[in-house]
There are 2 protein chains.
Amino acid sequence: MVVDDEPSIRDLLSASLRFSGFEVLTAADGYEAVEVAERTNPDLVVLDVMLPDLDGFEVARRIGVPVLFLTARDNTEDKIVGLGVGDDYVTKPFSLEEVQARIRAVLRRTRGENTPASRLRVADLELDEEAREVWRNGRQVRLSPTEYKLLHYFMSNAGRVLSKAQILDHVWNYDFGGDAGVVESYVSYLRRKVDDVEPRLIHTLRSVGYVLREPPAG
Amino acid sequence: MVVDDEPSIRDLLSASLRFSGFEVLTAADGYEAVEVAERTNPDLVVLDVMLPDLDGFEVARRIGVPVLFLTARDNTEDKIVGLGVGDDYVTKPFSLEEVQARIRAVLRRTRGENTPASRLRVADLELDEEAREVWRNGRQVRLSPTEYKLLHYFMSNAGRVLSKAQILDHVWNYDFGGDAGVVESYVSYLRRKVDDVEPRLIHTLRSVGYVLREPPAG
DNA sequence: GTGAGCGTTCAGCTATTCCTCAGCCTCCTG
DNA sequence: CAGGAGGCTGAGGAATAGCTGAACGCTCAC
């Protein structure tokens, strides 16, 4: 369930989550959130701390399911203490990759240990979501947060062609004002760090985008 | 079994204990506690001294299973010590690490000596829960209470990435109002005391958190 | 009362990271 | 083959997260 009073945020999140295969309900304020949660018992609630009526914490306390808080990065950032066990928070403005990663982490934590180890693999490139580690050709690679998010996006969409605009929308914060040049920079960083051996996995499709995939045998 | 009339405390404790693998029942007042305890015969009861109906001492007397008392840091604390009731106690506000440590200690004591010596180990870093002793590289290290709790939390979650918020929620009291800077300070203390030799075990994941683990061979 | 140990805050410093930009390269087209 | 659009990447400046020494109270034991 997604709870935010700003429709743009609500739509952004629910569309992105639905696309990733989640079933999503939404609520625009605290009372509606409590009501819907009690009726449907969602697995997880993405919850803005700042709601017009009830405080986000109050909502969380009342509905008693795992929560991922959304909070502004201003003065109150550090006030997010007293999270329930397994809960987490993300600061606005966020990136969709960030939110989805946190959601999966919370679900993994609260659903118990039966969740399979989350490990993405394409050829000899491996990414461990839990440990946040990346390996290429048996060698561990150190990535900065943005590099990691970008590679994660590539790997969870391996074989799919991604335009720079798509990449920007998922990996960068939703308020990012710059142009797509930054994507080129980070693709360049990634190539140097994880794609400097054969077979090359990150391919440029001129004036279309990029794709990460194992080249065909031929 | 967790007995407290405040829902937030009840939820905090039961979620945390469930996550650690305990089976948890809850009760909100004294009569319910006695009733549930008689029916289910729990291994241990975490019991608030101050209940709306029955006195916590009275509940403990009636149900006759090992008890960990929760109490305010006031004269009832002295009462517990004076009466010699209960098997141990923790003062509110507590930290989850504290409560879990006490629970395990009580269970170890009341279940007899068959419990294996609880000793955590990561590389040449060792922690003896019973003796509350820490060794690195064959050398014993003296830690303050908070340093010990933090290291214990790290070691029981070795290999798992922990955010500062998570650390704050487990190691610090639930009413702690400060910001996450204090975690950085304590990580710094720990590094100086137990992580000043190779291989380094406490690793910073910038803008994500920390992880304690043996660095991979690669 | 006094001193030691402890918890917490804070500020200066360092290292990392992010982003922009400009120049060069590559590919495509005519 | 010339030109241009699109792409690549090194350099650099600004912002940020994290580290740590120092200071300040608080508690507790003596």
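A few points on the structure.

Procedures and definitions
Residues numbered from 1 in each chain as written. Chains lettered and ligands numbered in written order. Predicted model: local features only at pLDDT ≥ 70, side-chain atom pairs only at ≥ 80, totals over all residues. Heavy atoms only, no water. Near = heavy atom within 4 Å. Polar contact = N/O pair within 3.5 Å; in protein donor to acceptor, adjacent residues only side chain to side chain. Helix = DSSP H or I, 4+ residues; strand = E, 2+ residues; numbered from the N terminus. Nonpolar A, V, L, I, M, F, W, Y, C, P; charged D, E, K, R; others polar. Pairing = 2+ DSSP bridges. Core = buried A, V, L, I, M, F, W, Y, C linked by side-chain atoms within 4.5 Å. Buried < 20%, exposed > 50% of the residue type's maximum accessible area, 1.4 Å probe, protein only. Contact = heavy atoms within 4.5 Å. Axes fitted to C-alpha atoms, helices over the stretch in contact; angles between N-to-C directions. Left-handed = near helix turned anticlockwise from the far one by under 90°. Phe/Tyr/Trp six-rings, centres within 6.5 Å; stacked < 30°, edge-to-face > 60°. Lys NZ or Arg CZ within 6 Å of the ring centre and 35° of its normal. Salt bridge = Lys/Arg side-chain N within 4 Å of Asp/Glu carboxyl O.

1. Let's talk about the protein's contact with DNA strand D
Okay, so step 1: What surrounds DNA strand D is a group of 23 residues, the closest being T204 and S207 of chain A together with K164, R191 and T204 of chain B.
Okay, so step 2: Backbone atoms, meaning sugar and phosphate, make up 65% of the atoms of DNA strand D lying within 4 Å of the protein.
Okay, so step 3: Residue R192 of chain B places a side-chain N or O atom 3.1 Å away from a phosphate oxygen belonging to DNA strand D.
Okay, so step 4: S207 of chain B is positioned with one of its backbone polar atoms (N or O) 2.7 Å from a phosphate oxygen of DNA strand D.

2. Some points on the protein's contact with DNA strand C
Okay, so step 1: Lining the immediate environment of DNA strand C, one finds 22 residues, of which S144 and T146 of chain A together with S144, T146 and W172 of chain B sit closest.
Okay, so step 2: Of all DNA strand C atoms lying within 4 Å of any protein atom, the proportion belonging to sugar or phosphate reaches 63%.
Okay, so step 3: Here a phosphate oxygen of DNA strand C and a side-chain polar atom of W172 of chain B are 2.6 Å apart.
Okay, so step 4: Those elements that place two or more of their residues in the surface near DNA strand C are α5 (145-156) and α7 (181-194) of chain A together with α6 (145-156) and α8 (181-194) of chain B.
Okay, so step 5: Here the residues of the surface near DNA strand C sort into 10 nonpolar, 8 polar and 4 charged.

3. Points about the pairing of strand β6 (residues 119-122) of chain B
Residue and element names in this part refer to chain B.
Okay, so step 1: Across 4 bridges, the pairing between β6 and strand β7 (residues 125-128) is antiparallel. Residue pairing for β7: R121 is matched across the bridge by E126.
Okay, so step 2: What sits between the antiparallel neighbours β6 and β7 is a turn of 2 residues, in which A123 has the positive phi angle 55 degrees.

4. Comments concerning the nonpolar core
Okay, so step 1: Among the nonpolar cores identified, the biggest contains 27 residues, and L151, F154, I167 and L212 of chain B are the most heavily contacted of them.
Okay, so step 2: It is α6 of chain B that contributes the most residues to this core, 6 residues altogether.
Okay, so step 3: Non-local contacts of L212 of chain B, meaning those with residues more than four positions away in its chain, are made with V122, L125, L151, F154, M155, A158, G159, L201 and I202 of chain B.
Okay, so step 4: Residues L125, V134, L190 and L212 of chain A belong to the second largest nonpolar core, which totals 25 residues.

5. A closer look at the packing of helix α1 (residues 7-19) of chain A against helix α4 (residues 96-110) of chain A
Residue and element names in this part refer to chain A.
Okay, so step 1: Packing of α1 against α4 brings their axes to within 11 Å, and their N-to-C directions diverge by 65 degrees. Here α1 runs over α4; the crossing is right-handed. On α4, the residues touching L12, L13, S16 and L17 of α1 are L96, V99, Q100 and I103.
Okay, so step 2: Residue classes in the contact of α1 with α4 are distributed as 6 nonpolar, 2 polar and no charged.

6. Comments concerning the packing of aromatic side chains
All names here are of chain A.
Okay, so step 1: Going through the model one piece at a time under the given rule, you end up with 12 aromatic pairs over all chains.
Okay, so step 2: Among the aromatic residues, those joined into a ring-pair cluster are W172, F176, Y186 and Y189.
Okay, so step 3: Note that R132 overlies the ring of Y148, its terminal NZ or CZ placed 4.2 Å from the centroid.

7. Quick notes on the pattern of salt bridges
Okay, so step 1: Scanning all chains against the criterion turns up 38 salt bridges over all chains.
Okay, so step 2: Here D48 of chain A ties to K92 of chain A by a salt bridge, and the two come within 3.3 Å at their closest N and O atoms. On the criterion of sequence distance, the pair formed by D48 of chain A in strand β3 (residues 45-48) and K92 of chain A in strand β5 (residues 88-92) is long-range, its members being 44 residues apart.
Okay, so step 3: Across the salt bridge formed by E98 of chain B and K149 of chain B, the nearest N and O atoms sit 3.8 Å from each other. Of this pair, E98 of chain B sits in helix α5 (residues 96-110) while K149 of chain B sits in helix α6, and the two are 51 residues apart along the sequence.
Okay, so step 4: Because the salt bridges share partners, they merge into one network encompassing D88, E98, R102, R109 and K149 of chain A.

8. Some points on the environment of G178 of chain B
Okay, so step 1: Checked against the element boundaries, G178 of chain B lands in the loop between α7 (164-171) and α8.
Okay, so step 2: Residue G178 of chain B is classed as partly exposed on the basis of its relative accessible area of 28%.

9. As for the pairing of β3 of chain A
Residue and element names in this part refer to chain A.
Okay, so step 1: Neither face of β3 is left uncovered, since the one carrying V45 and L47 and the one carrying V46 and D48 both have all their residues buried.
Okay, so step 2: Of the pairings in the sheet, the one linking strand β1 (residues 2-3) to β3 comprises 2 bridges and is parallel in character. Within the sheet, the bridge partner assigned to V3 lies in β3 and is L47.
Okay, so step 3: Examined bridge by bridge, β3 and strand β4 (residues 67-72) share 4 bridges and lie parallel to one another. Looking across to β4, one finds that V46 is bridged to L68.

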